[in-house]
Amino acid sequence: MLTAREADRFVSDGFVYVPEAFPRALADECRAFLWRETGLDPDDRATWTRPLVRLAGYGGELLNAAANTPALHEAFDQLAGVGRWLPRDGLGTFPIRFPHPDDPGDAVWHMEGSYTVEGEQGYWLNLRSKGRALLMLFLFSDTGPDDAPTRIKVGSHLDVPPFLVAAGDRGMSFGAACAAMDAAGKLDSPDRELALATGHPGDVYLCHPFLIHAAQPHRGREPRFMAQPPLIPVAPLELRRADGAYSPVELAVLRGLGSPA
């Protein structure tokens, strides 16, 4: 599915673009279902009264089909490692972004937290990326530069590992990790090139779990439909493999630490 060059670019850039990862006709069918779930009218802009509508916890036959194509499974094997990930059951939350003058309220640079800690609030992350093998962006609508595409800091995943080392397996809260990186000038680093997750229905961006990204306001004409589920790992990343059989996800963490694989 992915060329050797694409796998190498994933390690250095933190993401790979997979066009036509699932059929456009299926994406269109899923989008029609999601429109119905919003309760809004796709033909009446007067009903588009908010910049952001979140539909949470969505699965079912249609969405499972989009999440589990042979092409995606092959790419998961190439990036996360054969036998090291679990098939998706649905696609989770859909942040649907509408053309609107109001700020959506969530357009900030961040990396994802992936698990909870008893007695603590919010989501956490650690060096071995417990709970997340990949961050994935599934496009269900045509998404151009003005259509609120996710903003990506190219190569920013390499900046994250040094901030997580001292936290060990317990990890850090999503908020604390972002604050530490922001204080060091690494959360919105001017040294990291900006990329936009543009594309067409059926396209998918497969991203390193530590990739720094952000939403943005919608300046276009048609709402943007996207899902951003994690790929769930069988176990946390292994950064000391005796056989050296590191996945590209693991190799990127080691590179971020300045450690030879």
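Residues numbered from 1 in each chain as written. Predicted model: local features only at pLDDT ≥ 70, side-chain atom pairs only at ≥ 80, totals over all residues. Heavy atoms only, no water.

> An account of the environment of Thr38 is requested, with residue identities and associated values reported.
Secondary-structure assignment places Thr38 in helix H2 (residues 24–38). In this structure Thr38 comes out as buried when scored by relative accessible area, which is 15%. Remark: the alpha-carbon pair of Thr38 and Leu55, spanning 17 residues in sequence, is separated by 7.4 Å. The residues contacting Thr38, other than those within four sequence positions of it, are Leu55 and Ile96. A polar contact is formed between the side chain of Thr38 and the backbone oxygen of Trp35, at a distance of 2.6 Å. (Helix = DSSP H or I, 4+ residues; strand = E, 2+ residues; numbered from the N terminus. Buried < 20%, exposed > 50% of the residue type's maximum accessible area, 1.4 Å probe, protein only. Contact = heavy atoms within 4.5 Å. Polar contact = N/O pair within 3.5 Å; in protein donor to acceptor, adjacent residues only side chain to side chain.)

> For the sheet that holds strand S10 (residues 213–214), give the residues involved together with the corresponding values.
One open sheet holds the three strands; their spatial order is S8-S6-S10, and the pairing between them is antiparallel. What marks the edges here is a single partner per strand, and that holds for strand S8 (194–196) and S10. Bridge count for strand S6 (residues 151–153) against S10 is two bridges, and the pairing is antiparallel. Bridge pairing in S10 places Ile152 opposite His213. (Pairing = 2+ DSSP bridges.)

> So what about the nonpolar core? Which residues, and what values?
The biggest cluster of nonpolar side chains holds 58 residues, and the ones touching the most others in it are Phe94, Phe140 and Leu206. Ignoring anything within four residues of it in the chain, the contact list for Leu206 reads Phe10, Gly14, Phe15, Val16, Val18, Leu72, Ala75, Phe76, Leu79, Leu134, Leu135 and Met136. Core analysis: the next-biggest nonpolar cluster, separate from the first, contains 12 residues, Leu139, Tyr205, Cys207 and Leu211 among them. (Core = buried A, V, L, I, M, F, W, Y, C linked by side-chain atoms within 4.5 Å.)

> Tell me about helix H6 (residues 174–183), and name the residues and values.
When we look at burial in H6, the residues that qualify are Ala177, Cys178 and Met181. Angularly, the buried residues of H6 cover 95° about the axis, an arc narrow enough to put them on a single face. In H6, the exposed positions that point more than 90 degrees away from the buried face belong to Asp182 and Ala183. Its buried side turned inward, H6 meets strand S4 (124–125), helix H5 (161–164) and strand S7 (172–173). Where H6 ends, the next residue or the one after it, Gly185, has phi of about 75°, a positive value. (Arc of directions from axis to C-beta.)

> If you had to explain the pattern of salt bridges to someone new, which residues and values would you point to?
As enumerated under the stated definition, the model contains 12 salt bridges in all. The salt bridge involving Arg9 is made with Asp13; its shortest N-O contact spans 2.8 Å. Of this pair, Arg9 and Asp13 are both found in helix H1 (residues 4–13), four residues apart, which corresponds to roughly one turn of the helix. With a relative accessible area of 40%, Arg9 lands in the partly exposed category. Linking Asp159 and Arg192 is a salt bridge whose minimum nitrogen-to-oxygen distance equals 2.9 Å. Of this pair, Asp159 sits in the loop between S6 and H5 while Arg192 sits in the loop between H6 and S8, and the two are 33 residues apart along the sequence. Residue classification places Asp159 among the buried positions, given a relative accessible area of 11%. (Salt bridge = Lys/Arg side-chain N within 4 Å of Asp/Glu carboxyl O.)

> Can you explain the environment of His200? Please cite residues and give values.
Tracing the backbone through its elements, the reader meets His200 in the loop between S8 and strand S9 (204–207). Residue His200 is classed as partly exposed on the basis of its relative accessible area, which comes to 45%. C-alpha separation for the pair His200 and Phe138, spaced 62 residues apart in sequence, amounts to 9.7 Å. Ignoring any residue separated from it by four or fewer positions in sequence, one finds His200 in contact with Arg24, Leu139, Ser141 and Asp142. At 2.8 Å, the side chain of His200 and the side chain of Asp142 are in polar contact.

Functional significance is not addressed by these values, which are geometric in nature.
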